[in-house]
Amino acid sequence: MAHTILSLLTLFLAIFSLNPTVECHSRARAYVEQQCRSTLYTELCIRTLLPFASKTNAPAPEQLARISLTTCLVKARITKAYVNMVAKEYFNKTKNARYHEAVTDCLHQINDGVNQITQSVKEQQRMVHDGEKDFSWHESNVQSWVSTALTDVTACLDRISDKAIGGKEKGMIKARVLNVKHLASNALALFNKFTTRHRGSRVIKTP
């Protein structure tokens, strides 16, 4: 019986290793991993992009940068709503003015960060539409806005480090804001990688 099970397991593994779907999935992951090497938060980058890389589709660097930036925007909006909800609930319970001030400041920074990332997403879309026209101008805008968003979420993290905020609430808010910061950092790195590669291809094509 044990021999039969071992034989079936060996056969299954052999078939599985030859499955083209598995092979294609491995190729997709290898491609995403290679693209994510330029980011500070590589594992987060892989988790963000891997669902968009299939056996029939390998997103170009520009598309990966756009996906990363859009994902960051979605997470930033969700985080903004979450922090606002937690702030109201906790303040209604404690009436802690210092806590309310710290979280309100954090929310202001998140709101500004959401606006910056929204502008960045729209600007990258214009960049694709315009092609080579004003490429450098679009590039500079995206870089400036994402960098500002990073500054905003960092300022938010600084404010919620205030001792007036309880440990549980601080931990819940910090985890989500930190995730937005990491996504923004990765998005900027992928965008810079795309623009650098684009410039290199233009140099090669130019006689």
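The name given to the chain in an unreviewed UniProt entry is Pectinesterase inhibitor domain-containing protein, with Lactuca virosa as the source organism.

Attention shifts here to the packing of aromatic side chains. Applying the stated rule across the entire model yields two aromatic pairs. Through pairs of rings, three or more aromatic residues link up here, namely Phe-135, Phe-191 and Phe-194. The positively charged end of Arg-176 is found above the aromatic ring belonging to Tyr-82, 4.0 Å away from the centroid.

Let us now look at the pattern of salt bridges. For the structure shown, the criterion picks out four salt bridges. Glu-33 serves as the salt-bridge partner of Arg-29, at 2.9 Å between the closest nitrogen and oxygen. Taken together, the residues Arg-29 and Glu-33, both in helix α2 (residues 20-36) and four residues apart, mark about one turn of the helix. Overall, the relative accessible area of 32% leaves Arg-29 in the partly exposed class.

Residues that lie three or four places apart on an α-helix share one face, since the helix turns once every 3.6 residues. With 34 residues, helix α5 (residues 97-130) ought to run about 50 Å at 1.5 Å a step, and its terminal C-alpha atoms sit 49 Å apart, in line with that. Two residues or fewer after α5 comes Gly-131, characterised by a positive phi angle close to 70°.

Once that is clear, we can look at the state of the cysteines. Linking two cysteines covalently via their sulfur atoms produces the bond known as a disulfide. Taken as a whole, this structure holds two disulfides when the rule is applied. Note on cysteine connectivity: Cys-36 is disulfide-linked to Cys-45, with sulfurs 2.0 Å apart. When the S-S torsion is -75°, as for the bridge of Cys-36 with Cys-45, the disulfide is left-handed. On the basis of relative accessible area, Cys-36 is assigned to the buried category, the value being 0%.

What counts and what doesn't
- Residues numbered from 1 in each chain as written.
- Predicted model: local features only at pLDDT ≥ 70, side-chain atom pairs only at ≥ 80, totals over all residues.
- Heavy atoms only, no water.
- Phe/Tyr/Trp six-rings, centres within 6.5 Å; stacked < 30°, edge-to-face > 60°.
- Lys NZ or Arg CZ within 6 Å of the ring centre and 35° of its normal.
- Salt bridge = Lys/Arg side-chain N within 4 Å of Asp/Glu carboxyl O.
- Helix = DSSP H or I, 4+ residues; strand = E, 2+ residues; numbered from the N terminus.
- Buried < 20%, exposed > 50% of the residue type's maximum accessible area, 1.4 Å probe, protein only.
- Expected span 1.5 Å × (residues − 1).
- Disulfide = S-S within 2.5 Å.

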